[in-house]
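The primary structure of each chain is shown beneath.
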Amino acid sequence: MSFSSRYKKWLKGVVYIGDQIDTEDAAAKIRSGIYFRGPNVWILAFSVIIASVGLNVNSTAVIIGAMLISPLMGPIIGIGLAMGTSDTKLLTESLRNLLIMVSVSLLAASFYFLISPLNLVNPTELMARTRPSIYDVLIAFFGGLAGMLESCRKDKGTVIAGVAIATALMPPLCTAGYGLAKLNLRFFGGAMLLFLINCVFIILATYIMSKYLRFKDTEYASPAVTKRTRTLMTLAILAVTVPSLWSAAVMIGENNLERNVQAFIAANKNFSQGYIYDYSISSGKDRKVDIFYAGSKLSEDEINALTLSASAHGIDVSRLNINESDLGSVEKSTDQILRGIYERAEDDLARKEAEIKKLEKELGEIKGREINYKRIAKEIRYSYPDIQDISIGKGAAVDDSLNVKAQTIILTKSKKPLSSDQIQKVEEWLRLRLEDTTAVVHNIIDKNSK
């Protein structure tokens, strides 16, 4: 057996899951987990309150706890399995229970935020659930794949708990409840969009996994009913898949633009005699990028420089709008203005430190190349007593084509002419001593010597 055959056999043994999967038991458990009654009602209510408190006090640990005990995953996985097995009854029941769960969650969260005395100035955990990104799509999709595979595994582990944390279904619903309580459409719309994205991609992942693991299709007595059911499921799958692919493409574009704008801001934050203190990107098809600059008025050349930098960072210049204002008229807190000035001073200091280090390095290199003239003169005189004076200097040799070449020139003055062999030996010795292959020796006769 060849190495490639052995490797393929080994790899197949590593990734093979057929003997560890029980689809019938998984289907039964998924069907029983979609219903919203009994303990699930109380558990959902508790998880809503816990998640709302965590969001209200910016506590990540509390939010994670709420995600762990939330039963919201049940009907969502049920919808995916129903599509994969052409089970209209399971689809109807899963959708109905999911709608009830969502409604109860929104009402409970809204009630909590209406009576909560806490009102954070910067609710970062709430705001984080209002702007979906492509990462949310990837997390929901691969989390759905992992959750479905864990449901089918004979020896259950802790994957479901991890999937519940990763896909984060409860926090967006509670954030939407906050939006309802405060009549804030931005919070409500953004959070509901994130929740729907999570649901859609978990459903899509569950459908794909149910087909891959070959869950048994639901059988109907009449062929006509079977055909009608298959048509209905195909339409349902398209209704889930097409919007999900479109939203993923849109979010990729938004994420790329956001990243490009942030890179542009980082490169030009302290520009000219001012600084860029904020930016905003409008939603919609033609997203506008507004840059807010405070400081001395920008010249036309400076505006052109900013525009060129924006273009280099992948920002459409036609959508860029630079808003200028004096430091005194900036609608920002004193702390933010001081922070901007401090950042500018830090950047200037960092640039100056870099220049100093560069100059110190160059100075060190120059010092390293310094010639110990006195010692070299003593050594030459010891070897060649006829040499009286020595001059060493850096120069250049220019040939007929005006090509310039750096050269070290050594002038030796002696009472009588040195032979060509002596000059050659002095030259070779100096090239070795000075570590300079360009060194050239010229001998001059001291006519005034007696």
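The structure we're discussing is the one just above.
A brief report on the enclosed structure follows. (Residues numbered from 1 in each chain as written. Predicted model: local features only at pLDDT ≥ 70, side-chain atom pairs only at ≥ 80, totals over all residues. Heavy atoms only, no water.)

**Topic: the packing of helix H3 (residues 39–56) against helix H4 (residues 60–69)**
Here is step 1 of the chain: Where H3 meets H4, the closest approach of the two axes is 8 Å, and the angle between their N-to-C directions is 160°. Comparing their axes, H4 and H3 come out roughly antiparallel. The element H3 and its partner H4 pack so that their crossing is left-handed. Across the interface between the two elements, Ile43, Ser47, Ile50, Ala51, Gly54 and Leu55 from H3 touch Val62, Ile63, Ala66 and Ile69 from H4.
Here is step 2 of the chain: Classifying every residue of the contact of H3 with H4 gives eight nonpolar, two polar and no charged. (Axes fitted to C-alpha atoms, helices over the stretch in contact; angles between N-to-C directions. Helix = DSSP H or I, 4+ residues; strand = E, 2+ residues; numbered from the N terminus. Parallel < 35°, antiparallel > 145°, perpendicular 65-115°, else oblique. Left-handed = near helix turned anticlockwise from the far one by under 90°. Contact = heavy atoms within 4.5 Å. Nonpolar A, V, L, I, M, F, W, Y, C, P; charged D, E, K, R; others polar.)

**Structural notes on the sheet that holds strand S6 (residues 440–445)**
Backbone-to-backbone hydrogen bonds pair the strands of a sheet. The strands run either parallel or antiparallel.
Here is step 1 of the chain: Within the open sheet, the three strands sit side by side as S4-S5-S6. Their pairing is mixed. Because the sheet does not close on itself, it has two edges, and the strands there are strand S4 (387–398) and S6. Each strand of the sheet is rotated relative to its neighbour by a mean of 25°, with strand direction disregarded.
Here is step 2 of the chain: As paired strands, strand S5 (residues 404–414) and S6 are joined by six bridges and run parallel to one another. When the bridges of S6 are listed, Thr412 appears paired with Asn443.
Here is step 3 of the chain: Of the strands in this sheet, S5 and S6 are in contact with helix H16 (residues 420–434), which crosses S6 at around 135°. (Pairing = 2+ DSSP bridges.)

**Topic: the nonpolar core**
Side chains that are nonpolar tend, in soluble globular proteins, to be buried together.
Here is step 1 of the chain: Leu72, Met83, Leu169, Phe195, Phe201 and Phe215 are the most contacted members of the largest nonpolar core, which has 67 residues in total.
Here is step 2 of the chain: A total of 13 residues in this core trace back to one element, the largest contributor, which is helix H11 (residues 185–212).
Here is step 3 of the chain: Among residues more than four places away in sequence, those in contact with Leu72 are Leu44, Leu98, Met101, Leu169, Met170, Leu173 and Phe195.
Here is step 4 of the chain: Counting 13 residues, the second-largest nonpolar core is a separate cluster that includes Leu257, Ile265, Ile276 and Tyr293. (Core = buried A, V, L, I, M, F, W, Y, C linked by side-chain atoms within 4.5 Å. Buried < 20%, exposed > 50% of the residue type's maximum accessible area, 1.4 Å probe, protein only.)

**Thoughts on the environment of Glu427**
Here is step 1 of the chain: Relative to the elements of secondary structure, Glu427 occurs in helix H16.
Here is step 2 of the chain: By relative accessible area, which is 18% here, Glu427 ends up buried.
Here is step 3 of the chain: Separated by 15 residues in sequence, Glu427 and His442 have C-alpha atoms that sit 9.0 Å apart.
Here is step 4 of the chain: The contact partners of Glu427, leaving out residues within four places of it in the chain, are Ala439, Val440 and Val441.

**So, the packing of helix H15 (residues 373–383) against H16**
Here is step 1 of the chain: Following both chains from N to C, one finds H15 and H16 inclined at 150°, their axes separated by 12 Å at the closest point. Taken together, the axes of H15 and H16 lie roughly antiparallel to each other. The way H15 lies across H16 gives a crossing that is right-handed. Contact residues: Arg375, Ile376, Glu379 and Ile380 in H15; Trp429, Leu430, Arg433 and Leu434 in H16.
Here is step 2 of the chain: Of the residues belonging to the contact of H15 with H16, the class tally is five nonpolar, no polar and three charged.

Geometric values such as these leave the question of function open.
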